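# Fold and contact review
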Amino acid sequence: MSGEPAPFKVRPMTPADKPAVLAIAAQMWEGSDYLPGVFDEWLADRNGEFAAVDLDGALVGCGKLTFLTPTDAWLEGLRKDPGVRRKGLGAAVAAHFFSRLAGRGDLTSLRFSTYVNNLASISLNERLGFRRRTVLSSKAWEGSRAELEAVRTRSSVGARSRVETLRDETVVLDYLDRAGCFPASGSLVVEGWRTWPFSRELVAARYIRTGRCRGIMGPRGPRGLAIWVPDTRFPPGRVKLVCLDAEDEEIADCLFDDIFLSLRAVATAPPTGAAAKPFEIQWVIPDVERWKRWCAARGLRSDEQEDDYFVYELPLAELDRWAREGRAT
Ligand SMILES: CC(C)(COP(=O)(O)OP(=O)(O)OC[C@H]1O[C@@H](n2cnc3c(N)ncnc32)[C@H](O)[C@@H]1OP(=O)(O)O)[C@@H](O)C(=O)NCCC(=O)NCCS
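Note that this is a predicted model, so its numbers are computed, not measured. The residue numbers shown here count from 1 along each chain, following its written sequence. Local features are withheld for residues below a pLDDT of 70 in this predicted model, meaning they are given only at 70 or higher, and side-chain atom pairs are given and counted only at 80 or more; totals for whole chains, interfaces and linings count all residues. To get the side-chain values, take all heavy atoms of the structure and skip hydrogens and water.

### Some details on the overall build of the protein
Starting at the N terminus, helices and strands are each numbered in turn, a helix being any DSSP run of H or I of at least four residues and a strand any DSSP run of E of at least two. Assigned secondary structure in the protein consists of 11 helices and 14 strands. Taking 20 Å as the expected radius of gyration for a compact globule of 329 residues, we find that the protein reaches 21 Å, a close match to that expectation. Dimensions of the protein along its principal axes, counting C-alpha atoms only, are 65 × 40 × 35 Å. Residue burial is assigned from relative accessible area. The probe radius is 1.4 Å, only protein chains are included, and a residue is buried under 20% of its type maximum, exposed over 50%, and partly exposed in between. In the protein, which comprises 329 residues, the share counted as buried stands at 53%. Any two residues whose heavy atoms approach within 4.5 Å are treated as being in contact. For the protein, contacts bridging at least 24 residues in sequence account for 71% of all contacts bridging at least 6. For the protein, the accessible area works out to roughly 15,400 Å², and carbon and sulfur atoms hold 51% of it. Charge counting treats Lys and Arg as positive and Asp and Glu as negative, with His and both chain ends excluded. Charge placement uses NZ in Lys and CZ in Arg. For Asp and Glu, CG and CD serve respectively. Computed over 46 positive and 46 negative side-chain charges, the inter-centroid distance for the protein is 1 Å. Our radius of gyration is a C-alpha quantity, and the globule rule it is checked against amounts to 2.2 Å times the number of residues to the power 0.38. With residues, only the protein chains shown are counted as cover, and all accessible areas are computed by Shrake-Rupley using a 1.4 Å probe.

Shown next, in the form of structure tokens:
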């Protein structure tokens, strides 16, 4: 953040910028970027800010500030046109958002997540003062329609171990407390590449009251439960698993079957999107042996290595320093 002022100009995104942003997104990660699926929603976000970045009058990148709660800020959607060699776009976007956030006395967190091998993102943000807070492992099963049809599911689902939507908040929250799902993830509620600070109210409002909690009840309470949500940024067929725990492998298997069966229901619709493997279940887990074992058993794997999912956080004193000194480092 020192030396020559960045030549990048950060300004609010407009609807007219959509083609340019989509053209950049198309060059990311073999065309699998989620930006096309969120552009309109991000544009309409009045709490956060969707920022466009211009260089010599042309849009060359973007970044997004999101409020996950009224006081928990999240950075996402940072992109630079791969054809642009000039450095410093990420620092320019950060400077823009930091100036907006600095001096706010009520902020409780400023975080983002990134992949272990995203060296540009890691280097840029560590230089800005972000510290690695939590390391998790992103596990995913990806499949074609044929692979989805071939997935083994147990006939016991719907019979002996009936999976149902659990709506009793106390029952669910007490079970999650006992299972220790969220403390194991550093008190984060991880939904794909976004992480919310855990609170009972968040889990109740976001998942239980919306019917996203599926479980198997026994005489003394849940024998297991899973919280998962459809990934609305893509055509139907992708699921983000937030947590899953069970008293044994069989119950865990039934809960996984419930997810696979829901994907099969979607798979009867005509295929949408060009992806060869349009179906996906992603679960970001801490270093807990039974969850790793269940992932392996159901074909959810790490892409390159375990411990590949980093959550970074800016100590809020850095923002105070920014407010005083007008720069991050
Ligand atoms: C992330 C991104 C916007 C950064 O652009 P930028 O801010 O202009 O990046 P810079 O070229 O200034 O590089 C930032 C730092 O990363 C380093 N870096 C960049 N690419 C690197 C690589 N492949 N390997 C190692 N270090 C790298 C730079 O040397 C620089 O380090 P420094 O701060 O110590 O000088 C851009 O790389 C991008 O669009 N990446 C693809 C999308 C993405 O990954 N977004 C972030 C998701 S979390």
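Read on, since the account is not over.
### Side note on the pattern of salt bridges
Whenever a carboxyl oxygen of Asp or Glu lies within 4 Å of a side-chain nitrogen of Lys or Arg, that contact is scored as a salt bridge. The final tally for this structure, using the stated rule, is 31 salt bridges. Of the charged contacts in the structure, one is a salt bridge between lysine 292 and glutamate 306, with a shortest N-O distance of 3.1 Å. Of this pair, lysine 292 sits in helix H10 (residues 289-297) while glutamate 306 sits in the loop between H10 and strand E14 (309-313); the two residues are 14 residues apart in sequence, bridging distant segments of the chain. On the basis of relative accessible area, glutamate 306 is assigned to the partly exposed category, the value being 31%. Connected via shared salt-bridge partners are Lys139, Asp287, Lys292 and Glu306.

### Regarding the pairing of strand E9 (residues 194-197)
Between any two strands, at least two bridges found by DSSP are needed for them to pair. Pairing between strand E8 (residues 188-191) and E9: four bridges, direction antiparallel. Residue pairing in the sheet places valine 189 in a bridge with tryptophan 196 of E9. Here E8 folds back onto E9 in antiparallel fashion, the turn holding two residues, of which glycine 192 has a positive phi close to 60 degrees.

### Re the pairing of strand E13 (residues 279-285)
With respect to burial, E13 is a largely interior element, seven of its seven residues being buried. Burial of the side chains of E13 extends over both faces: Phe279, Ile281, Trp283 and Ile285 are buried on one face and Glu280, Gln282 and Val284 on the other. Where strand E6 (residues 131-143) and E13 come together, seven bridges link them in antiparallel fashion. For lysine 139, the partnering residue across the bridge sits in E13 and is tryptophan 283. Looking at chain direction, strand E12 (residues 238-246) and E13 are connected through four bridges and run parallel. The residue of E13 that forms the bridge with leucine 241 is tryptophan 283.

### A short note on the domain arrangement of the protein
Domain start and stop points were drawn from an automatic or database domain assignment. The domain boundaries assigned to the protein delineate domain 1 (9-130 + 314-325) and domain 2 (137-309). On a C-alpha basis, the centroid separation for the pair domain 1 and domain 2 is 29 Å. For any pair of parts, buried area is found by adding up, for both, the accessible area (1.4 Å probe) each one loses once the two are put together. When the buried surface of domain 1 facing domain 2 is broken down by residue, Tyr34, Leu68 and Tyr115 rank first, second and third, together holding 36% of it. Where domain 1 packs against domain 2, one counts one salt bridge. As a salt-bridge pair, arginine 194 and glutamate 76 come within 2.8 Å of each other at their nearest N and O atoms. Pairs of N or O atoms within 3.5 Å make up the polar contacts considered here, provided that, within protein, one atom can donate a hydrogen while the other can accept it, and that residues adjacent in sequence are counted only when both atoms are side-chain atoms. Scanning the region where domain 1 abuts domain 2 turns up five residue pairs in polar contact (both at pLDDT 80 or more).

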